[in-house]
Amino acid sequence: MPKQFEMDAKTFKALSDPNRLMIIETLQNGDKCACKILEELNIVQSTLSHHMKILCDSGLVESNKVGKWMHYVLNKEAFEAARNSLDDIIKKIR
């Protein structure tokens, strides 16, 4: 199986959960501390960790530890690659 298919599958899996979509929306304004994401989404730390692992493994989100907290930011290049993959699929079915 081509590597691109594996990466696309990880990306689309990451985008297939409402909690992860809400996390992505909260990160659209830039870097955010996990503590702020927890407050905004009213979820527990273990739930956030689960979703952030999937988002980071997909490459859509990047993490950086600052003090005791993780900070997260969207990876614009990964979103562009996801859009390109969808565009390729749409072109082929037209």
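As the structure is a prediction and not an experimental result, all values here were calculated from the model.

(A) Structural detail: the sheet that holds strand β3 (residues 69-74). Strand order in the open sheet formed by 3 strands is β1-β3-β2, and the pairing between neighbours is antiparallel. Every interior strand has two partners, whereas the edge strands, β1 (32-33) and β2 (61-66), have only one. One ladder, built from 6 bridges, connects β2 with β3; its direction is antiparallel. Following the sheet pairing, V61 is matched in β3 by L74. Along the sheet face, helix α4 (residues 45-58) touches β2 and β3 and points at about 120° away from the line of β2.

(B) Region of interest: helix α1 (residues 3-14). Its 12 residues give α1 an end-to-end C-alpha distance of 17 Å, which sits within 8% of 16 Å, the value for a rise of 1.5 Å per residue. Turning to α1, its buried residues number three or more, namely D8, T11 and A14. All buried residues of α1 project into a common sector of 125° when viewed along the axis, lining one side. For α1, the exposed residues set more than 90 degrees away from the buried face come down to F5 and K13. For α1, the elements touching its buried residues are α2 (18-27), α4 and α5 (76-93).

(C) Region of interest: the packing of α1 against α4. Interaxial distance between α1 and α4 falls to 8 Å at its minimum, and their mutual angle equals 145°. Between α1 and α4 the crossing geometry is left-handed. The segment α1 lies against α4, with M7, K10, T11 and A14 engaging I54, L55, D57 and S58. Considered class by class, the residues forming the contact of α1 with α4 number 4 nonpolar, 2 polar and 2 charged.

(D) Layout of helix α3 (residues 34-41). Buried within α3 are the following residues: A34, I37, L38 and L41. One side of α3 carries all its buried residues, which in axial view fall inside an arc of 100°. In the core, the buried residues of α3 are packed alongside α2, β1, α4 and β3. Of the residues one or two after α3, N42 is the one with positive phi, at around 55°.

(E) The arrangement of the packing of α2 against α3 in detail. The contact between α2 and α3 brings their axes to 11 Å, and the two run at 120°. The orientation of α2 relative to α3 falls into the category oblique. Between α2 and α3 the crossing geometry is right-handed. For the pair α2 and α3, the contacting residues are N19, M22, I23, T26 and L27 in the first and I37, E40 and L41 in the second. Residue composition of the contact of α2 with α3, grouped by class: 5 nonpolar, 2 polar and 1 charged.

What counts, and where the lines are drawn
Residues numbered from 1 in each chain as written. Predicted model: local features only at pLDDT ≥ 70, side-chain atom pairs only at ≥ 80, totals over all residues. Heavy atoms only, no water. Pairing = 2+ DSSP bridges. Helix = DSSP H or I, 4+ residues; strand = E, 2+ residues; numbered from the N terminus. Contact = heavy atoms within 4.5 Å. Axes fitted to C-alpha atoms, helices over the stretch in contact; angles between N-to-C directions. Expected span 1.5 Å × (residues − 1). Buried < 20%, exposed > 50% of the residue type's maximum accessible area, 1.4 Å probe, protein only. Arc of directions from axis to C-beta. Left-handed = near helix turned anticlockwise from the far one by under 90°. Nonpolar A, V, L, I, M, F, W, Y, C, P; charged D, E, K, R; others polar. Parallel < 35°, antiparallel > 145°, perpendicular 65-115°, else oblique.

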